[in-house]
Amino acid sequence: MLLSVLREQRQAVQGMASAPHQTHWQFWIDRGGTFTDIVALTPDQQVLTYKLLSENPEHYADAAVEGIRRLQARFPSFPVRCPPFGWGQR
């Protein structure tokens with residue numbers, strides 16, 4: 001399910017070749033009972049994935065926030081600002 005959403009988003013991004021360059025991160029989160037999966041699109045259009053245990057209180061309070069933090073830490077040259085976001089289900 002998450003991958004189909006990512007494919008749709010990737011197609012939309014590719015279709016915007018003449019649009020201004022994206023300057024922020026985009027994230028898709030799938031929080032399950034055991035694992036939380038994070039898919040990210042970097043400002044330069046790289047697709048990244050990350051997986052964490054959904055519950056691991058000895059290491060982090062929230063898996064989605066921790067995964068986003070870790071992905072952004074891998075690319076310190078990209079701005080870490082919070083674009084508008086929405087909650088949704090598919």
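First, a word on scope: everything that follows refers to the structure included in this document. (Residues numbered from 1 in each chain as written. Predicted model: local features only at pLDDT ≥ 70, side-chain atom pairs only at ≥ 80, totals over all residues. Heavy atoms only, no water.)

## Some words on the overall build of the protein
Line of reasoning, step 1. Assigned secondary structure in the protein consists of two helices and three strands.
Line of reasoning, step 2. When the elements of the protein are put in sequence order from the N terminus, they spell out α-β-β-β-α.
Line of reasoning, step 3. Across the protein, every contact between residues at least 6 apart in sequence was considered, and the portion connecting residues at least 24 apart equals 38%.
Line of reasoning, step 4. Surface summary for the protein: the accessible area is close to 6300 Å², and the carbon and sulfur share equals 56%. (Helix = DSSP H or I, 4+ residues; strand = E, 2+ residues; numbered from the N terminus. Contact = heavy atoms within 4.5 Å. Areas by Shrake-Rupley, 256 points an atom, 1.4 Å probe, with all protein chains shown as cover.)

## Topic: the sheet that holds strand β3 (residues 47-53)
Note: strands within a sheet are paired through backbone hydrogen bonds, in either parallel or antiparallel orientation.
Line of reasoning, step 1. The sheet built from three strands is open, its strands ordered β1-β2-β3 with antiparallel pairing. The outermost strands of the open sheet, each flanked by one partner alone, are β1 (26-31) and β3. The sheet shows a mean angle of 15 degrees between the axes of neighbouring strands, direction not considered.
Line of reasoning, step 2. Summarising the sheet, strand β2 (residues 35-41) and β3 pair through seven bridges and their orientation is antiparallel. Its bridge partner lying in β3, Thr36 is registered against Leu52. (Pairing = 2+ DSSP bridges. Axes fitted to C-alpha atoms, helices over the stretch in contact; angles between N-to-C directions.)

## So, the pattern of salt bridges
Line of reasoning, step 1. Using the criterion set out here, one finds four salt bridges in the structure.
Line of reasoning, step 2. The partner of Asp62 in a salt bridge is Arg31, and the shortest N-O contact between them spans 3.1 Å. Of the two residues, Asp62 sits in the loop between β3 and α2 (63-73) while Arg31 sits in strand β1, which places them 31 residues apart along the sequence.
Line of reasoning, step 3. When its relative accessible area of 27% is taken as the criterion, Asp62 is described as partly exposed.
Line of reasoning, step 4. Of the residues examined, Arg31 reaches a relative accessible area of 46% and is grouped as partly exposed.
Line of reasoning, step 5. Residues Lys51 and Asp37 are paired through a salt bridge, measuring 2.9 Å at the closest nitrogen-oxygen approach. Separated by 14 residues along the polypeptide, Lys51 in strand β3 and Asp37 in strand β2 bring together distant segments of the chain.
Line of reasoning, step 6. Judged by relative accessible area, Asp37 falls into the partly exposed class, the value being 22%.
Line of reasoning, step 7. What emerges from the salt-bridge pattern is a single network uniting Glu66, Arg69 and Arg70. (Salt bridge = Lys/Arg side-chain N within 4 Å of Asp/Glu carboxyl O. Buried < 20%, exposed > 50% of the residue type's maximum accessible area, 1.4 Å probe, protein only.)

## Looking at α2
Line of reasoning, step 1. By the burial criterion, the buried members of α2 are Ala63, Ala64, Glu66, Gly67, Leu71 and Gln72.
Line of reasoning, step 2. A distance of 3.1 Å separates the backbone nitrogen of Ala64 from a side-chain oxygen at the start of α2, and that oxygen is part of Asp62. (Polar contact = N/O pair within 3.5 Å; in protein donor to acceptor, adjacent residues only side chain to side chain.)

## Focus on the side chain of Ser54
Line of reasoning, step 1. Relative to the elements of secondary structure, Ser54 occurs in the loop between β3 and α2.
Line of reasoning, step 2. A polar side-chain atom of Ser54 sits 2.9 Å from a polar atom in the side chain of Thr36.

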